[in-house]
Amino acid sequence: MSRIAKNPIVLPKGVEVTLAADSISVKGPLGAIARPTDPNVGIQKEGEALVCKALGNSRHANAMSGTLRALVANMVTGVSKGFEKKLALVGVGYRAQAQGDKLNLALGFSHPVVHQMPKGVRVETPSQTEIILRGMDKQQVGQVAAEVRAYRSPEPYKGKGVRYANEQVEIKETKKK
């Protein structure tokens, strides 16, 4: 059995889990998330915890038990605390501004870049060079952060571009004559 799947998922107060035959839904203070389950993995509620077990001895069932346990743990964390990604703009004239569910970016192009936020992801800009993305789905928040970063990813000579707040960019040395 997967080592990750052996750990139970402890449910915090205010989080409700509904198990169906082929899906699991988690409801908490921030909202609700539903996800289909794998037929090779069984999820059981034991008191105030969830346990994932592989049904059978196949490698696929073993692998999916750990994967599904991690996904369900992220769902529980998402509906109770939420997830957040921070981005930083580095470069002269690079600015970000949140307007409702849109993010306006000035990244040195001849035109402004407008990124439409998907449902479930909120954006904030505490300053012109900081972007904070929040949501309850970890995959969706990370995907939106990657899409925003892809508009102008950090270049290796000056480090200008959109980067994650904790990202270290290796600066290359320029060519010598």
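Scroll up for the structure.
Residues numbered from 1 in each chain as written. Predicted model: local features only at pLDDT ≥ 70, side-chain atom pairs only at ≥ 80, totals over all residues. Heavy atoms only, no water.

Student: Please give an account of the sheet that holds strand E9 (residues 102–106) that cites residues and values.
Tutor: Spatial strand order, E8-E9-E10: three strands in an open sheet with antiparallel pairing. Each of the sheet's edge strands pairs with one partner strand only, and the pair in question is strand E8 (95–99) and strand E10 (113–116). Going from strand to strand, the sheet's axes swing by 20 degrees on average, the running direction of each strand aside. Lying on the sheet, helix H3 (residues 138–151) is in contact with E9 and E10; it crosses E10 at an angle near 170 degrees. (Pairing = 2+ DSSP bridges. Helix = DSSP H or I, 4+ residues; strand = E, 2+ residues; numbered from the N terminus. Axes fitted to C-alpha atoms, helices over the stretch in contact; angles between N-to-C directions. Contact = heavy atoms within 4.5 Å.)

Student: Lay out the packing of aromatic side chains in plain terms, naming residues and giving numbers.
Tutor: Tallied over the entire structure, the rule returns zero aromatic pairs. When the ring centre of Tyr 164 is taken as origin, the NZ or CZ atom of Lys 85, which lies over that ring, is 5.3 Å away. (Phe/Tyr/Trp six-rings, centres within 6.5 Å; stacked < 30°, edge-to-face > 60°. Lys NZ or Arg CZ within 6 Å of the ring centre and 35° of its normal.)

Student: Please set out the environment of Pro 112 residue by residue, giving values where relevant.
Tutor: Considering the arrangement of structural elements, one finds Pro 112 in the loop between E9 and E10. The spacing of Pro 112 and Glu 124 is 12 residues in sequence and 18 Å in space, taken between C-alpha atoms.

Student: Could you give an account of the nonpolar core, naming the residues involved and the relevant values?
Tutor: Core analysis: the biggest nonpolar cluster contains 18 residues, and Leu 103, Leu 105, Ile 131, Leu 133 and Val 148 have the highest contact counts within it. Of all the secondary-structure elements, those providing two or more residues to this core are strand E7 (83–90), E9, strand E11 (121–124), strand E12 (130–135) and H3. Among the elements that take part in this core, H3 stands out by supplying four residues, more than any other. Beyond its immediate chain neighbours, meaning those up to four positions away, Leu 103 contacts Ala 96, Gln 97, Ala 98, Val 113, Val 114, His 115, Met 117, Val 123, Thr 125, Ile 131 and Val 148. (Core = buried A, V, L, I, M, F, W, Y, C linked by side-chain atoms within 4.5 Å. Buried < 20%, exposed > 50% of the residue type's maximum accessible area, 1.4 Å probe, protein only.)

Student: Please give an account of the environment of Glu 48 that cites residues and values.
Tutor: Along the chain, Glu 48 falls in the loop between strand E5 (41–46) and strand E6 (49–54). Accessibility expressed as a relative area gives 54% for Glu 48, which makes it exposed. A sequence separation of 23 residues divides Glu 48 from Ser 25, and the C-alpha atoms of the two residues are 16 Å apart. For Glu 48, the residues in contact, after removing those within four places along its chain, are Ile 9, Val 10 and Leu 11.

Student: Talk me through the side chain of Arg 163; I want residue IDs and the actual numbers.
Tutor: Mapped onto the elements, Arg 163 comes out in strand E13 (residues 161–164). Buried and without a salt bridge, Arg 163 has Glu 167 as its closest oppositely charged side chain, separated by 5.5 Å. Within polar-contact distance, the side chain of Arg 163 engages the backbone oxygen of Gly 159 at 2.6 Å. Ignoring sequence-local partners within four residues, the contact set of Arg 163 consists of Lys 86, Leu 87, Ala 88, Val 90, Arg 149, Pro 154 and Val 169. (Lys, Arg positive; Asp, Glu negative; His and termini not counted. Salt bridge = Lys/Arg side-chain N within 4 Å of Asp/Glu carboxyl O. Polar contact = N/O pair within 3.5 Å; in protein donor to acceptor, adjacent residues only side chain to side chain.)

Student: Lay out H3 in plain terms, naming residues and giving numbers.
Tutor: Three- or four-residue spacings in an α-helix give side chains the same orientation, since the helix completes a turn every 3.6 residues. Between its first and last C-alpha atoms H3 spans 21 Å; for 14 residues at 1.5 Å apiece the expected length is 20 Å, and the two agree. Considered for burial, the residues of H3 that qualify are Val 141, Val 144, Ala 145 and Val 148. Taken around the axis of H3, the buried residues stretch over an arc of 100 degrees, which confines them to a single face. Opposite its buried face, H3 presents the exposed residues Gln 139 and Ala 150, each directed more than 90 degrees away. Where H3 is buried, its residues meet E7, E9, E10, E11, E12 and E13. (Expected span 1.5 Å × (residues − 1). Arc of directions from axis to C-beta.)

Student: Any chance you could break down the sheet that holds E12 for me, citing the residues and the numbers?
Tutor: Reading across from one edge, E11-E12-E7-E13 is the order of the four strands in this open sheet, with antiparallel pairing throughout. Bordering the open sheet on either side are E11 and E13, each of which pairs with just one other strand. Going across the sheet, the axis of each strand differs from the next one's by a mean of 25 degrees, ignoring polarity. Pairing geometry for E11 and E12, over four bridges, is antiparallel. Its bridge partner lying in E12, Val 121 is registered against Gly 135.

Student: Outline the pattern of salt bridges, listing residues and values.
Tutor: Should their charged atoms come close, side chains of opposite charge can pair. Applying the stated criterion across every chain, the model contains five salt bridges. A salt bridge links Glu 84 to Arg 134; the shortest N-O distance between them is 2.9 Å. Placement of Glu 84 in strand E7 and of Arg 134 in strand E12 is noted, with a sequence separation of 50 residues between them. Residue Lys 176 is joined to Glu 173 by a salt bridge in which the shortest nitrogen-to-oxygen separation is 3.7 Å. Salt bridges here are not isolated pairs; linked through shared partners, they connect Glu 84, Lys 86, Glu 124 and Arg 134.

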